[in-house]
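# Fold and contact review
This is what each chain is made of:
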Amino acid sequence: MHSSAHVVGIIGSGSIGVAFAIVFAKAGWTVRLYDPDAERLQVARDEIISKCSALHHYSLLQETPEVISERVVLSGDLASTVTGATLIQECAPERLELKIALFRQLDDLAAPSVILASSSSALTASSFAETLPNRDRCLVAHPGNPPYLLPVVEIVPAPFTAAEYVDQALALYAEVGLAPIRLRKEVEGFVFNRLQGALLREAYCLVRDGVSSVADIDKVVSQGLGLRWAFMGPFETVDLNTRGGVGSHALKMGPAYARMGAERGQHDPWTADLVAEVEAQRRALVPLEDWETRVAWRDRALMERARDEVQRKSR
């Protein structure tokens, strides 16, 4: 069904390497999966077949698990893994010294026009690629975990990354069915883990302060916040929660959020200019005259999920 001339070299066959192998193989790419540990590679092969079988069970594959897994070629040789590749996806452990050494090898082995993308969760490309001769093709492509189920991938260029490679990366990841976002500047932890970290920090504080239990905090997210976040983000959530939109929400709730932040030693006020910028971006997406229609869309989406949950429990 699929055919592609693209080849991806995946460096590291841990959980993210395996998951990326599935993403690219599903899209019809030839996958070369490299690991210096031969035993780990064999385990990875079994994991790919097992995970593809689970995806097939839920009708999430267009081909058989066997066809998809056959596109993955195991490799213990770094040079042959990267030769002729369209893209290199580094999935080694999150250790700076390891990434510095690995990117030095990759920059030496891969053709100068091939993108070198790191799956780093927090380390920036500047921290491990700055001294490389071909550093302009290096960037971070940080996925949700696992990327075959969470499509978002953060494309994070360093100040030295050439715009053409950023554009190319955005196109390639979209081509394999992911949902790439482009960060406008480098920052440790990127967007995904900064948002996750902000929620986690407060969750830990609420446990520490005796406000709530671990189970109840998880329930607030899974049975409340998370049900909305499954199909819209924090800005759209508050935009639709308050008549008049996000500007009205900031006016009404901003002072309370500022006090909560100050309680945690954080002073990041929602200034008038900042609120105006957020409001302008939201209104460009959903004009205020369409607000009621969008609220009805939100409610339908929640009702669909509620119906599906009732049906799931009744089976």
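Above this note sits the structure.
A few points on the structure. (Residues numbered from 1 in each chain as written. Predicted model: local features only at pLDDT ≥ 70, side-chain atom pairs only at ≥ 80, totals over all residues. Heavy atoms only, no water.)

## Quick word on the sheet that holds strand E4 (residues 87-90)
The strand order across the open sheet formed by eight strands is E3-E2-E1-E4-E5-E6-E7-E8, and the pairing between neighbours is mixed. Each end of this open sheet is capped by a strand with a single partner; those strands are strand E3 (72-75) and strand E8 (179-182). Between one strand axis and the next, the sheet turns through 25° on average, direction left out of account. Contacts from helix H1 (residues 15-26) reach strand E1 (7-11), strand E2 (30-34), E3, E4 and strand E6 (138-143) within the one sheet, and its direction differs from that of E1 by about 170°. Relative to strand E5 (residues 115-118), helix H5 (residues 96-109) is tilted by about 165°, and along the sheet it contacts E1, E4, E5 and E6. (Pairing = 2+ DSSP bridges. Helix = DSSP H or I, 4+ residues; strand = E, 2+ residues; numbered from the N terminus. Axes fitted to C-alpha atoms, helices over the stretch in contact; angles between N-to-C directions. Contact = heavy atoms within 4.5 Å.)

## Some points on a nonpolar patch on the surface
Together, Met253, Tyr257, Met260, Trp270 and Leu274 give the surface a local cluster of nonpolar side chains, amounting to about 470 Å² of exposed area. Sorting elements by how many residues they give to the nonpolar patch places helix H11 (residues 246-263) first, with three residues. By the element assignment, leucine 274 lies in helix H12 (residues 272-285). (Patch = residues over 30% accessible without salt bridge, like charges linked within 9 Å, V, L, I, M, F, W, Y side chains within 5 Å. Areas by Shrake-Rupley, 256 points an atom, 1.4 Å probe, with all protein chains shown as cover. Salt bridge = Lys/Arg side-chain N within 4 Å of Asp/Glu carboxyl O.)

## So, the pairing of E6
In terms of burial, E6 is a largely internal element, six of the six residues being buried. The alternating pattern of E6 places Cys138, Val140 and His142 on one face and Leu139, Ala141 and Pro143 on the opposite face, and all of these are buried. As paired strands, E5 and E6 are joined by three bridges and run parallel to one another. Note on E6: the bridge partner recorded for leucine 116 is cysteine 138. (Buried < 20%, exposed > 50% of the residue type's maximum accessible area, 1.4 Å probe, protein only.)

## Re helix H2 (residues 38-57)
Helix length check: H2 (20 residues) gives 29 Å between terminal C-alpha atoms against 28 Å at 1.5 Å per residue, within 8%. Along H2, the residues that are buried comprise Leu41, Ala44, Ile48, Cys52 and Leu55. Down the axis of H2, the buried set is contained in an arc of 65°. They therefore lie on one face. Exposed and facing more than 90 degrees away from the buried side of H2 are Glu39, Asp46 and His57. Those residues of H2 that are buried lie in contact with H1, E2, helix H3 (65-69) and E3. (Expected span 1.5 Å × (residues − 1). Arc of directions from axis to C-beta.)

## Concerning the packing of helix H8 (residues 192-208) against helix H9 (residues 214-229)
One way to put it is that H8 packs onto H9 with a least axis distance of 10 Å and a crossing angle of 150°. In this structure, the crossing between H8 and H9 has a hand that is right-handed. On H9, the residues that touch Leu199, Ala203, Leu206 and Val207 of H8 are Val214, Ile217, Val221 and Trp229. In terms of residue class, the contact of H8 with H9 is built from eight nonpolar, no polar and no charged. (Left-handed = near helix turned anticlockwise from the far one by under 90°. Nonpolar A, V, L, I, M, F, W, Y, C, P; charged D, E, K, R; others polar.)

## Examining the pattern of salt bridges
Using the criterion set out here, one finds 17 salt bridges in the structure. Taking the shortest distance from any N to any O, the salt bridge between glutamate 90 and lysine 99 comes out at 2.6 Å. With respect to burial, glutamate 90 and lysine 99 carry one shared label: buried. Its salt-bridge partner being arginine 208, residue aspartate 209 comes within 2.8 Å of it at the nearest N-O pair.

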